[in-house]
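Examination of the molecular architecture
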Amino acid sequence: MTEENDVPCLEGPFSQDVESVLISADEIQDRVRGLGRRIDEHFAGKDLLLIAVLKGSVIFLADLMRAISIPHEVDFLATSSYGVSTRSSGIVRILKDLNEPIEGRHVLLVEDIIDSGHTLAYLSRLFRARNPASLEIVTLLDKPSRREVDIDVFWTGFSVPNEFVIGYGLDFNQRYRNLPFIGVLKPEVYESIS
């Protein structure tokens, strides 16, 4: 990972809000390509469906699906458990369900970050009840120090410390998703709201 205070290309409206960069854009792209190769091997010859949990995982999904060379389809699910808070409420609401049934499909759930684990535990139970041929999870980021629920994650991009991370799809109050790296948000930005 990058040096803690190596904050690249921070110009524009968000530059003053980033404390440090944890993972550079190049490191992310290298890891996504590696995950794509492993997914190709694991799901070769299978009916693969990628399900992205909106909104945070959309950038990860876009890069990951281009790194996967085997045929696959994509669907989306939207949930809510945070609102404008920095902590999950533990109550997961489905805001948008899948468009297609998953019965008999090999499903890869694509997540941006695993924090407490409540959302993925809920989604795993929900999807298993729909009888997929298999259900695996890939996450870009894992924050193991915050885990409250055991989650069986097949592939993890990076483990991160207990910091409020933003960028590459991750947000605070719907902002910072467009940053090309994973950065730490300065506490003064979110402490007044949470």
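The sections below set out a description of the structure shown in this document. (Residues numbered from 1 in each chain as written. Predicted model: local features only at pLDDT ≥ 70, side-chain atom pairs only at ≥ 80, totals over all residues. Heavy atoms only, no water.)

1. Quick word on helix α3 (residues 118-128)
Along α3, the positions that sit buried rather than exposed are T119, L120, A121, L123, S124 and F127. On its buried face, α3 is in contact with β2 (48-54), β3 (72-80), β4 (93-96), β5 (106-114) and β6 (134-142). (Buried < 20%, exposed > 50% of the residue type's maximum accessible area, 1.4 Å probe, protein only. Helix = DSSP H or I, 4+ residues; strand = E, 2+ residues; numbered from the N terminus. Contact = heavy atoms within 4.5 Å.)

2. Let's talk about the nonpolar core
In terms of nonpolar packing, the biggest core is built from 29 residues, with F60, L64, L141 and I182 touching the most fellow members. Among residues more than four places away in sequence, those in contact with F60 are V32, L35, V110, E111, V138, T139, L140 and Y168. With 16 residues, the next largest nonpolar core counts L109, A121, L123 and I151 among its residues. (Core = buried A, V, L, I, M, F, W, Y, C linked by side-chain atoms within 4.5 Å.)

3. Points about the sheet that holds strand β9 (residues 182-185)
The sheet built from three strands is open, its strands ordered β1-β9-β8 with antiparallel pairing. The open sheet has two free edges, formed respectively by β1 (18-23) and β8 (165-166), since each of these has just one partner strand. (Pairing = 2+ DSSP bridges.)

4. Quick look at the packing of helix α1 (residues 25-42) against helix α2 (residues 58-67)
Following both chains from N to C, one finds α1 and α2 inclined at 55 degrees, their axes separated by 8 Å at the closest point. Classified by the angle between their axes, α1 and α2 sit oblique to one another. Note on packing geometry: the crossing formed by α1 with α2 is right-handed. Within the contact between the two elements, α1 uses Q29, V32, R33, L35, G36, R37, I39 and D40 and α2 uses F60, D63, L64 and A67. Split by residue class, the contact of α1 with α2 holds six nonpolar, two polar and four charged. (Axes fitted to C-alpha atoms, helices over the stretch in contact; angles between N-to-C directions. Parallel < 35°, antiparallel > 145°, perpendicular 65-115°, else oblique. Left-handed = near helix turned anticlockwise from the far one by under 90°. Nonpolar A, V, L, I, M, F, W, Y, C, P; charged D, E, K, R; others polar.)

5. Let's talk about the sheet that holds β2
Taken in spatial order, the six strands line up as β4-β3-β2-β5-β6-β7 in an open sheet, and their pairing is mixed. Where the open sheet ends on each side, the last strands, each with one partner, are β4 and β7 (155-159). With strand direction ignored, the average angle separating the axes of adjacent strands in the sheet is 30 degrees. Where β2 lies against β3, seven bridges are found, and the strand directions are parallel. Paired with L48 across the strands is H72, a residue of β3.

6. Concerning unusual backbone geometry
Following L54, the chain continues into K55 via a peptide bond in cis, with omega recorded as 0 degrees. Although it is not a glycine, N173 adopts a positive phi angle of roughly 55 degrees. The topology assignment puts N173 in the loop between β8 and β9. Of note, Y176 is a non-glycine position whose phi angle comes to about 80 degrees, a positive value. Looking at the secondary structure, you find Y176 in the loop between β8 and β9.

7. Some words on a negative patch on the surface
A surface patch of negative charge is lined by E19, E163, E188 and E191. Mapped onto the secondary structure, E188 falls in helix α4 (residues 187-191). For E188, a relative accessible area of 54% puts it in the exposed group. (Patch = residues over 30% accessible without salt bridge, like charges linked within 9 Å, V, L, I, M, F, W, Y side chains within 5 Å. Areas by Shrake-Rupley, 256 points an atom, 1.4 Å probe, with all protein chains shown as cover. Salt bridge = Lys/Arg side-chain N within 4 Å of Asp/Glu carboxyl O. Lys, Arg positive; Asp, Glu negative; His and termini not counted. Charge placed at Lys NZ, Arg CZ, Asp CG, Glu CD.)

8. Notes on α2
When we look at burial in α2, the residues that qualify are F60, L61, D63 and L64. Tucked inside the fold, the buried residues of α2 contact α1, β2, β3, β5 and β6.

9. Regarding the side chain of D17
Tracing the backbone shows D17 in the segment before β1. Looking at D17, its side chain comes within polar contact range of the side chain of Y176, at 2.6 Å. Ignoring any residue separated from it by four or fewer positions in sequence, one finds D17 in contact with Y176, V184, L185, K186 and V189. (Polar contact = N/O pair within 3.5 Å; in protein donor to acceptor, adjacent residues only side chain to side chain.)

10. A closer look at the packing of aromatic side chains
Going through the model one piece at a time under the given rule, you end up with five aromatic pairs. Between F164 and F172 the ring centres are 5.4 Å apart and the planes differ by 90 degrees, which places this aromatic pair in the edge-to-face class. Among the aromatic residues, ring-to-ring pairing joins F43, F154 and W155 into one connected group. (Phe/Tyr/Trp six-rings, centres within 6.5 Å; stacked < 30°, edge-to-face > 60°.)

Read these as layout, nothing more, since geometry by itself doesn't imply function.
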